[in-house]
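These are the residues of each chain, in order.
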Amino acid sequence: MHQESRSLRHVLLPVVLAGIALAGCATPQPKPVSAAATTTAPTQPNEIRWYRVSAEQRAIYAEVYRSATQAARARAATLPAGSWAVILDVDETVLDNSEYQKRLALSGQRYSDETWNAWVKERSAPALPGAQAFLDTVRNELKGRVVLVTNRKQSQCADTQENLRGVGIGFDVALCDATGDGNKNPRFQSVISGTAGLPALNVILWVGDNIKDFPGLDQQHTGDAAEFGTRFFVLPNPMYGSWERLPDR
Ligand SMILES: [Mg+2]
């Protein structure tokens, strides 16, 4: 506290002296730096504000899920009922965890397993725009299966499924990260080969907010651009992701 007062005087004294020296000049002078400016509370960064408040966020989710619905309808037309599936990620794909991100930002904290686990246990993440309607169409109208593949831990799977059901998200199976390696490819393969608790299924499309939500893809292996909008549907997440580890350019 003493140190803070001393440094504040250090900052303000030259400003006050400059104000006195310039008091006789006719030109308007900039206001002195206020003490409040040096002690502002944490605020939400733009990426969290964009995700939570912008019309564009809601429009993009609606747009992507509408496109995914059209693709599912077209692809399912020639497939037997119950023989095919769609695979979706959970966080920032069907569930909105921006409230957790906001809390971290406003309390000046970084992500931790402890705070994330407490958030998962709250089961209070809302559904994202368009997700419920898409999944209802797949299951009820088109007669496909819905598999959720999430990197939430196995120990968090029951709370996650309760959260999903609580906001009306219908699914057949939710596969959490039992190995802790974060690699979704073996779980994608288990859906295709029939070892995920369902019969072997023809997976017709994937939806996710991270490039690693799509089979075989990552930040270095970004796939065929023609797949996006046809078989792979990407949602925006400016708050976090595997992109964070990339170098600047
Ligand atoms: Mg995600």
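Along each chain, numbering runs from 1 in the same order as the chain's sequence is written. Only residues with pLDDT of at least 70 are given local features in this predicted model, and only at 80 or more are side-chain atom pairs given and counted; all residues enter the totals for whole chains, interfaces and linings. In computing side-chain properties, one takes all heavy atoms of the structure into account and sets aside hydrogens as well as water.

**Q** I would appreciate a short explanation of unusual backbone geometry in the present structure.
**A** Peptide bonds are mostly trans, and most non-glycine residues show a negative phi. The phi dihedral of Glu 92 is positive, around 65°, even though this residue is not glycine. Runs of E in the DSSP output that reach at least two residues are strands. Runs of H or I that reach at least four are helices, and both are numbered from the N terminus. If you trace the backbone, Glu 92 turns up in the loop between strand 1 (84-88) and helix 4 (98-106). At Arg 123, a residue that is not glycine, the phi angle is positive and equals roughly 55°. With respect to the element layout, Arg 123 can be found in the loop between helix 5 (113-122) and helix 6 (131-141).

**Q** Looking at this structure, how should I read the pairing of strand 4 (residues 202-208)?
**A** Each regular strand carries side chains that alternate between the two faces of the sheet. Three labels apply to residues, based on accessible area from a 1.4 Å probe with only protein chains included: buried if under 20% of the type maximum, exposed if over 50%, partly exposed otherwise in between. Strand 4 sits mainly inside the fold: six of its seven residues count as buried. Strands are labelled as partners when DSSP assigns at least two bridges between them. Both strand 1 and strand 4 contribute to a ladder of five bridges, which runs parallel. Each residue of the ladder has a partner; that of Val 86, found in strand 4, is Leu 205. In terms of strand pairing, strand 4 meets strand 5 (residues 232-234) through three bridges, oriented parallel.

**Q** Can you help me understand the nonpolar core in this one?
**A** Buried together is how nonpolar side chains tend to be arranged in soluble globular proteins. By nonpolar core we mean a set of buried residues, namely Ala, Val, Leu, Ile, Met, Phe, Trp, Tyr and Cys, connected to one another through side-chain atoms within 4.5 Å. Tyr 65, Val 86, Leu 88, Val 94, Phe 134, Leu 148 and Leu 205 are the most contacted members of the largest nonpolar core, which totals 40 residues. Looking at this core, the elements that each hand over two or more residues are helix 2 (46-53), helix 3 (55-76), strand 1, helix 4, helix 5, helix 6, strand 2 (145-153) and strand 4. The leading source of residues in this core is helix 3, at seven residues. Throughout, a contact is declared for two residues whenever any of their heavy atoms are within 4.5 Å. Once residues lying within four places of it in the same chain are set aside, the contact partners of Leu 148 are Leu 88, Asp 89, Val 90, Leu 164, Ile 169, Phe 171, Val 173, Ala 174 and Leu 175. In terms of nonpolar packing, the next biggest core, distinct from the first, is built from 17 residues, Leu 175, Trp 206, Phe 214 and Phe 232 among them.

**Q** How do you make sense of the coordination of the magnesium ion when you look at a structure like this?
**A** When a metal carries six donors in an octahedron, the ideal angles between them are 90 or 180 degrees, while four donors in a tetrahedron ideally lie at 109.5 degrees. Only N, O and S atoms count as donors, using a 2.8 Å cut-off from the metal and 3.2 Å for Na, K and Ca, and because water is excluded some sites may appear unfinished. At this site the magnesium ion is bound by Asp 89 (OD), Asp 91 (O) and Asp 209 (OD), with donor distances of 2.0 to 2.1 Å. All donors to the magnesium ion come from one chain, and their sequence spacing reads D-x1-D-x117-D. Here Asp 89 is found in the loop between strand 1 and helix 4, whereas its partner Asp 209 is found in the loop between strand 4 and strand 5, with 120 residues between them in sequence. Overall, Asp 89 belongs to the buried group, its relative accessible area being 7%. Judged by relative accessible area, Asp 209 falls into the buried class, the value being 12%.

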